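Chain and residue survey
Letter by letter, the chains look like this.
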Amino acid sequence: MINFIYKTICLFTWLLGFQTAFAQSRGNLNSNFVFEGMTILPGTSQSLNLPVISLQQDSTYIPLTIINGMFRGPVIGLIAGIHGFEYPPIMAMQKLGKEINPKEVSGTILIIPIANVASFFKRTVYYDPRDGKNLNRQFPGNKNGTITELLAHTISSKFIQRCNFVADIHAGDANEDLHPYVAIYEYGTQTAKAKQMALALDFPWIIISENAPKPGMPTLYCTAEAVSKDIPVVGIEYGKLGQVQASDAEYINKRLKNMMRSLGVLPGNMEVTNSPIEIRKRSSIKSDQTGIFYTEYRSGSLFKEGAKLGYITDVFGNVIQEVYAPFDGFIIYVTITPPINKGEMLFSIASF
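1. Observations regarding the sheet that holds strand β14 (residues 291-294)
- Taken together, four strands build an open sheet; the order of strands is β17-β16-β14-β19 and the sheet is antiparallel. Of all the strands in the sheet, the pair left with one neighbour each is β17 (319-324) and β19 (339-340).
- Sheet topology places strand β16 (residues 308-313) next to β17; five bridges connect them, and they run antiparallel. Bridge pairing in β17 links Lys308 to Tyr324.

Okay, structure coming up:
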């Protein structure tokens, strides 16, 4: 038995030495990745909770998995859970961190499975339960601000700035019926790489975002914060109504691995099956009233100009607003839960 254990150790040592020697012979062996005092060796992974404590003494943390590849390459950041009720990306990131072998990676993969932990465990839609703010409207954040502002600042300064590429992964929240898509910005020199990433994700729709950062103005969105630093970024939307199935995580991770192959982070060849529709202009229809919303339209539905898309009643069932299509087009996502407040989104739509 002792002889068997000895031989096993020798074989493992030889294999590790062979792999290291092979990497060195290519001049491609990765270096250590240091994050907040933690050193992650090439070919290994580590998970940690990054504490976030505001001046008001509100506290949270950001869970982070760091996969430091055996070989040199870029740093890619994958972030989910900016909105805590968007479950498919969160579950996908949990699985992805376990599925990737660091010894096959070129570069470093940073994974945040749940950016807004408080929102996730309190099951809140859009907003952080402590200060009532939407994390995806707070970038670049404020190190002296409320907990959500500090959370945005921490993600921007300690996560995004370490990356060469970023994917911000969302889903339809508890009230949103959403059609899958990937969004990019035509902004700065990152555009070509962003398009490469988007095509490798193999989604049915690519949306060209109109929310590009404006000089001197807050970036607001996580993706806009990355693109303001000229980091190639994609925004992914997959899943709806706060629901999650095992197949959702598989769908997301299959496409993320495809994207990482296109960037040389993972070995192997890409598989692309879609010829995506490119959407360059979308519009919003918001509620003029607070009441109860009715619609039979769903994401992906086509409509004609002038079609009645839905209506809003007061609490007694009296119609107080009717909603009509402003042009011929289709629905990207729609709020289908009954309660609606004045100014909230009813439909995100696009024209042909």
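2. Description of the sheet that holds strand β10 (residues 205-208)
- Reading across from one edge, β3-β4-β6-β5-β7-β11-β9-β10-β12 is the order of the nine strands in this open sheet, with mixed pairing throughout. A single partner strand is all that each edge strand has here, and the edge strands are β3 (44-53) and β12 (277-279). Across the sheet, the mean angle from the axis of one strand to that of its neighbour is 20 degrees, orientation sign disregarded.
- Both strand β7 (residues 165-170) and strand β11 (residues 233-237) contribute to a ladder of five bridges, which runs parallel. Bridging from a neighbouring strand, Asp168 pairs with Gly235 of β11.

3. Here we look at the packing of aromatic side chains
- With the rule as written, the count across this model stands at 11 aromatic pairs.
- Taking 5.8 Å as the distance between ring centres and 80 degrees as the angle between the ring planes, the aromatic pair formed by Phe293 and Phe347 counts as edge-to-face. Of this pair, Phe293 sits in strand β14 while Phe347 sits in strand β20 (residues 345-351), and the two are 54 residues apart along the sequence.
- In this structure Phe293 comes out as buried when scored by relative accessible area, which is 5%.
- In this structure Phe347 comes out as buried when scored by relative accessible area, which is 0%.
- Here the guanidinium or amino end of Arg255 rests over the ring plane of Tyr251, the centre of that ring lying 3.6 Å away.

4. Focus: the pattern of salt bridges
- Under the defined criterion, the tally for this structure stands at 12 salt bridges.
- Where Lys240 meets Asp177, a salt bridge forms, and the shortest distance between an N and an O atom there is 3.2 Å. Here Lys240 is found in the loop between β11 and α7 (246-262), whereas its partner Asp177 is found in strand β8 (residues 176-178), with 63 residues between them in sequence.
- Glu322 serves as the salt-bridge partner of Lys308, at 3.1 Å between the closest nitrogen and oxygen. A residue pair is termed long-range when its members are at least 10 positions apart, and Lys308 in strand β16 and Glu322 in strand β17 qualify at 14 residues.
- Residues joined in a network through salt bridges with shared partners are Glu186, Lys195, Glu278 and Arg280.

Quick notes on the rules
Residues numbered from 1 in each chain as written. Predicted model: local features only at pLDDT ≥ 70, side-chain atom pairs only at ≥ 80, totals over all residues. Heavy atoms only, no water. Pairing = 2+ DSSP bridges. Helix = DSSP H or I, 4+ residues; strand = E, 2+ residues; numbered from the N terminus. Axes fitted to C-alpha atoms, helices over the stretch in contact; angles between N-to-C directions. Phe/Tyr/Trp six-rings, centres within 6.5 Å; stacked < 30°, edge-to-face > 60°. Buried < 20%, exposed > 50% of the residue type's maximum accessible area, 1.4 Å probe, protein only. Lys NZ or Arg CZ within 6 Å of the ring centre and 35° of its normal. Salt bridge = Lys/Arg side-chain N within 4 Å of Asp/Glu carboxyl O.

So, to be careful, I would describe these as geometric facts and stop short of saying anything about function.
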